[in-house]
Amino acid sequence: MDKKAIDWSNLGFGYIQTDQRFVAQYKNGAWKEGGLTEDATVRISECAGVLQYAQTCFEGLKAFTTKKGNVVLFRPDLNGERMEESARRLEMPVFPKEKFVEAVRQVAEANQAYVPPYGSGASLYIRPYMFGSDAVIGVKPSEEYEFRVFATPVGPYFKGGAKPISLRVCDYDRAAPHGTGHVKAGLNYAMSLYAIMDAHKQGYDENLYLDAATRTKVEETGGANFLFVTEDGRLVTPKSPTILPSITRRSLLYVAREYLGMEVEEREVLLEEVESFAECGLCGTAAVISPVGKITDHGKEILFRSGMEKMGPVLQKLYDTLEGIRLEEIPAPEGWICKVC
Ligand SMILES: *Cc1c(COP(=O)(O)O)cnc(C)c1O
């Protein structure tokens, strides 16, 4: 299989059109079979539910080439399950997780010429998504939907090593109690754009969102969950019904416990205890772990011992272990690696 002529090490995180994508339509109460197409455009009513009332959800995962030369996906069944949850919460028809995994597999295989080689740090980012496609003007769920999956090659998240980032405690909220913070809905992102642009203007990389009800507990950033390491080496991560259940976080907790023998705590994390932690990081599919060096809370600076030069040693160990599992350098737990080809 000939790879495309792409300079893998200089790829950024932008959309590059690839050859094939998957499309399935929902009409008259049922999903049609669906399949691959070369057509990269979407054609829908000007009054489509997604355009008027934002009825849409998505997923994000990656395919990469492992040390063994396989093209693999990492735990795509969990993305399929999460998309089922998102669909239910948004009154959309569930696209069954088995079919989801098969569609993702097909898209990765059909675009294998775009899967970066082992060792490049780059990957093929895969974006499944679903939206209400028929005309809706009175507020109600759409009756017709499209489920789609496209793929685009992306570069290493951090070029030249992971530099710690700086966060600010945000005065805007991301998710209301009993709202939609726990599902992967575009609407959670639309309303976060103002806050992130504002953070950038003030010189911060990301926002740390607090729980909206009491504004005392750490939730997550706009698109990644938190990890903290205590002075005595325990891994702590916030537990809340309004944060998005990151697959990377769930995998890292397992790796910490089962591979590294660490103590793991999933619990409420108060903002006031954050200064007692030794290391801080963000986790998600995009970067696996991004180290956090500094958090600013309205003029008060919290500086982590790991500093602004590199990732702390415990998070680095976690990162290396998960990365090793994903790239088939270290034996994976049963069912974590899904071979495409
Ligand atoms: C997707 C997402 C994450 C990360 O989840 P992963 O499954 O690890 O990629 C975290 N927070 C939010 C708000 C997200 O949308």
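What counts, and where the lines are drawn
Residues numbered from 1 in each chain as written. Predicted model: local features only at pLDDT ≥ 70, side-chain atom pairs only at ≥ 80, totals over all residues. Heavy atoms only, no water. UniProt positions renumbered as here; feature names shortened; annotations may be inferred. Core = buried A, V, L, I, M, F, W, Y, C linked by side-chain atoms within 4.5 Å. Buried < 20%, exposed > 50% of the residue type's maximum accessible area, 1.4 Å probe, protein only. Helix = DSSP H or I, 4+ residues; strand = E, 2+ residues; numbered from the N terminus. Contact = heavy atoms within 4.5 Å. Near = heavy atom within 4 Å. Polar contact = N/O pair within 3.5 Å; in protein donor to acceptor, adjacent residues only side chain to side chain. Areas by Shrake-Rupley, 256 points an atom, 1.4 Å probe, with all protein chains shown as cover. Patch = residues over 30% accessible without salt bridge, like charges linked within 9 Å, V, L, I, M, F, W, Y side chains within 5 Å. Salt bridge = Lys/Arg side-chain N within 4 Å of Asp/Glu carboxyl O. Phe/Tyr/Trp six-rings, centres within 6.5 Å; stacked < 30°, edge-to-face > 60°. Lys NZ or Arg CZ within 6 Å of the ring centre and 35° of its normal. Axes fitted to C-alpha atoms, helices over the stretch in contact; angles between N-to-C directions. Parallel < 35°, antiparallel > 145°, perpendicular 65-115°, else oblique. Left-handed = near helix turned anticlockwise from the far one by under 90°. Nonpolar A, V, L, I, M, F, W, Y, C, P; charged D, E, K, R; others polar. Expected span 1.5 Å × (residues − 1).

The protein chain is annotated in an unreviewed UniProt entry as branched-chain-amino-acid transaminase from Suipraeoptans intestinalis. As its UniProt record puts it under Sequence similarities (unreviewed entry), the protein chain is described as follows: "Belongs to the class-IV pyridoxal-phosphate-dependent aminotransferase family." On record in UniProt, under Cofactor (unreviewed entry), the comment for the protein chain is "pyridoxal 5'-phosphate".

### Concerning the nonpolar core
Core analysis: the biggest nonpolar cluster contains 33 residues, and Ile-126, Met-130 and Phe-147 have the highest contact counts within it. Elements represented by at least two residues in this core include exactly strand 1 (21-27), strand 5 (61-65), strand 6 (71-74), helix 2 (76-89), helix 3 (97-110), strand 7 (123-132) and strand 8 (145-154). If sequence neighbours within four positions are ignored, Phe-147 has contacts with Phe-22, Val-23, Ala-24, Trp-31, Met-83, Phe-95, Phe-100, Ala-103, Pro-128, Tyr-129 and Met-130. Membership of the second largest hydrophobic core comes to 21 residues, among which are Val-72, Leu-227, Leu-235 and Leu-322.

### Considerations on the site of the ligand
Taken together, 15 residues form the shell around the ligand, and within it Lys-184, Tyr-189, Ser-246, Thr-248 and Thr-285 come nearest. Between the ligand and Ala-224 there is a distance of 3.4 Å, counted from a nitrogen atom to a backbone nitrogen or oxygen. One of the side-chain N or O atoms of Thr-248 is found 2.6 Å from an oxygen atom in the ligand. A total of 390 Å² of accessible area belongs to the ligand in isolation, and the protein chains cover 96% of it.

### With respect to a nonpolar patch on the surface
A cluster of nonpolar residues, Tyr-53, Ile-137 and Val-139, forms a patch on the protein surface that exposes about 360 Å² of accessible area. If you trace the backbone, Ile-137 turns up in the loop between strand 7 and strand 8.

### Description of the pattern of salt bridges
By the definition in use, this model includes 21 salt bridges. A salt bridge links Asp-198 to Arg-168; its shortest N-O distance comes to 3.0 Å. With Asp-198 in helix 5 (residues 193-201) and Arg-168 in strand 9 (residues 165-169), this pair connects stretches of sequence that are 30 residues apart. Taken as a pair, Asp-198 and Arg-168 share a single burial class, namely buried. Salt bridges sharing partners connect three or more residues here, namely Asp-232, Arg-234, Glu-265, Arg-267 and Glu-273.

### Brief notes about the packing of aromatic side chains
Under the definition given, this model contains 16 aromatic pairs. Each ring, one from Tyr-172 and one from Tyr-194, has its centre 5.6 Å from the other, and the planes form 85°; the classification is edge-to-face. With Tyr-172 in the loop between strand 9 and helix 4 (186-190) and Tyr-194 in helix 5, the pair connects residues that are 22 residues apart, well separated along the chain. A residue is classified by how much of its surface remains accessible, and Tyr-172, at 38% relative accessible area, is partly exposed. Through pairs of rings, three or more aromatic residues link up here, namely Phe-22, Tyr-26, Trp-31, Phe-95, Phe-100, Tyr-145 and Phe-147. Sitting over the ring of Phe-74, Arg-326 keeps its end group 5.9 Å from the ring centre.

### Considering the UniProt feature "modified residue: N6-(pyridoxal phosphate)lysine" (unreviewed entry) in the protein chain
When the UniProt feature table is mapped onto this chain, "modified residue: N6-(pyridoxal phosphate)lysine" (unreviewed entry) is found at Lys-184. Within the secondary structure, Lys-184 sits in the loop between strand 9 and helix 4. Overall, Lys-184 belongs to the buried group, its relative accessible area being 13%. When neighbours within four sequence positions are excluded, Lys-184 is seen to be in contact with Cys-57, Phe-58, Glu-59, Gly-60, Arg-82, Ser-86, Tyr-189 and Leu-244.

### Some points on the environment of Val-169
Within the element layout of this structure, Val-169 appears in strand 9. For Val-169, a relative accessible area of 4% corresponds to the buried category. Put simply, Val-169 and Asp-134 are 35 residues apart on the chain and 40 Å apart in space, counted from C-alpha to C-alpha. Beyond its immediate stretch of four places on either side in the chain, Val-169 contacts Leu-208, Leu-210, Leu-271, Ile-295, Thr-296, Asp-297 and His-298.

### A closer look at the packing of helix 2 against helix 3
Here helix 2 crosses helix 3 at 130°, and the two axes come no closer than 8 Å. Here helix 3 runs oblique to helix 2, going by the angle between their axes. With respect to the hand of their crossing, helix 2 and helix 3 are arranged in right-handed fashion. Judged by residue contacts, Pro-76, Asp-77, Asn-79, Gly-80, Glu-81, Met-83 and Glu-84 of helix 2 engage Lys-97, Phe-100 and Val-101 from helix 3. Its residues assigned to classes, the contact of helix 2 with helix 3 shows 4 nonpolar, 2 polar and 4 charged.

### Description of helix 6 (residues 247-258)
The end-to-end C-alpha separation of helix 6 is 16 Å, in line with the 16 Å expected for 12 residues at 1.5 Å each. Of the residues making up helix 6, those classed as buried are Ile-247, Thr-248, Arg-249, Ser-251, Leu-252, Leu-253, Val-255 and Ala-256.

### Here's the deal with the side chain of Ser-251
Checked against the element boundaries, Ser-251 lands in helix 6. What makes Ser-251 buried here is its relative accessible area of 0%. Ser-251 has contacts with Phe-74, Arg-75, Leu-322 and Trp-336, leaving out every residue within four places of it along the chain.

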